[in-house]
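Architecture at a glance
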Amino acid sequence: MNPIVEFCINNLMSGSQEVYDELSRDPDIDVVELGCTSHCALCSMTLFALVEGVCVTAETPKQLLDNIYKQLEEDEPSI
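The rules behind these values
Residues numbered from 1 in each chain as written. Predicted model: local features only at pLDDT ≥ 70, side-chain atom pairs only at ≥ 80, totals over all residues. Heavy atoms only, no water. Helix = DSSP H or I, 4+ residues; strand = E, 2+ residues; numbered from the N terminus. Expected span 1.5 Å × (residues − 1). Contact = heavy atoms within 4.5 Å. Phe/Tyr/Trp six-rings, centres within 6.5 Å; stacked < 30°, edge-to-face > 60°. Buried < 20%, exposed > 50% of the residue type's maximum accessible area, 1.4 Å probe, protein only. Salt bridge = Lys/Arg side-chain N within 4 Å of Asp/Glu carboxyl O. Pairing = 2+ DSSP bridges. Axes fitted to C-alpha atoms, helices over the stretch in contact; angles between N-to-C directions.

1. Description of helix H3 (residues 61-75)
The periodicity of an α-helix, 3.6 residues per turn, causes residues three or four places apart in sequence to face the same way. End to end, H3 covers 21 Å across 15 residues, agreeing with the expected 21 Å (1.5 Å per residue, within 8%). Contact partners of the buried residues in H3: strand E1 (4-8), helix H1 (9-24), strand E3 (47-51) and strand E4 (54-58).

Given below as structure tokens:
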């Protein structure tokens, strides 16, 4: 089962769209666009996404993409 990364539609319009597009091309990640993630205060201040339910933030799209991949690595079960 692929990990899920969720984006608020309002945050996509605020600058995280390119991160959404990049992650959508990754076959090992399921990317979801939601009408609202109920993180409105955060959404109005910074770029963010929910990675398996964990809120990941950044100041720039590149930083957000990097932080999302870091969170996904931390979530990987060790063998």
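This is not the end of the story, as more comes after the structure.
2. Examining the packing of aromatic side chains
By the definition in use, this model includes 1 aromatic pair. Look at Phe 7 and Tyr 20: their rings are 5.6 Å apart centre to centre, the planes differ by 80°, and that puts the pair in the edge-to-face class. With Phe 7 in strand E1 and Tyr 20 in helix H1, the pair connects residues that are 13 residues apart, well separated along the chain. In terms of burial, Phe 7 and Tyr 20 fall into one category: buried.

3. Focus on the pattern of salt bridges
Under the defined criterion, the tally for this structure stands at 2 salt bridges. Between Lys 62 and Asp 66 there is a salt bridge, with the nearest N and O atoms lying 2.9 Å from each other. With a gap of 4 residues between them, Lys 62 and Asp 66 both fall in helix H3, about one helical turn apart. Exposure remark for Asp 66: the relative accessible area of 32% places this residue in the partly exposed category.

4. As for the sheet that holds E4
Read from one edge of the open sheet, 4 strands run E2-E1-E3-E4, paired in mixed fashion. For this open sheet the edge positions go to strand E2 (30-34) and E4, each flanked by a neighbour on one side alone. Strand-to-strand twist of the sheet, defined as the mean angle between neighbouring strand axes without regard to direction, takes the value 30°. In this sheet, E2 lies alongside E1 in parallel orientation, the contact comprising 5 bridges. In the strand pairing of E2, Cys 8 is matched with Leu 34.

That is the geometry; function is a separate question.
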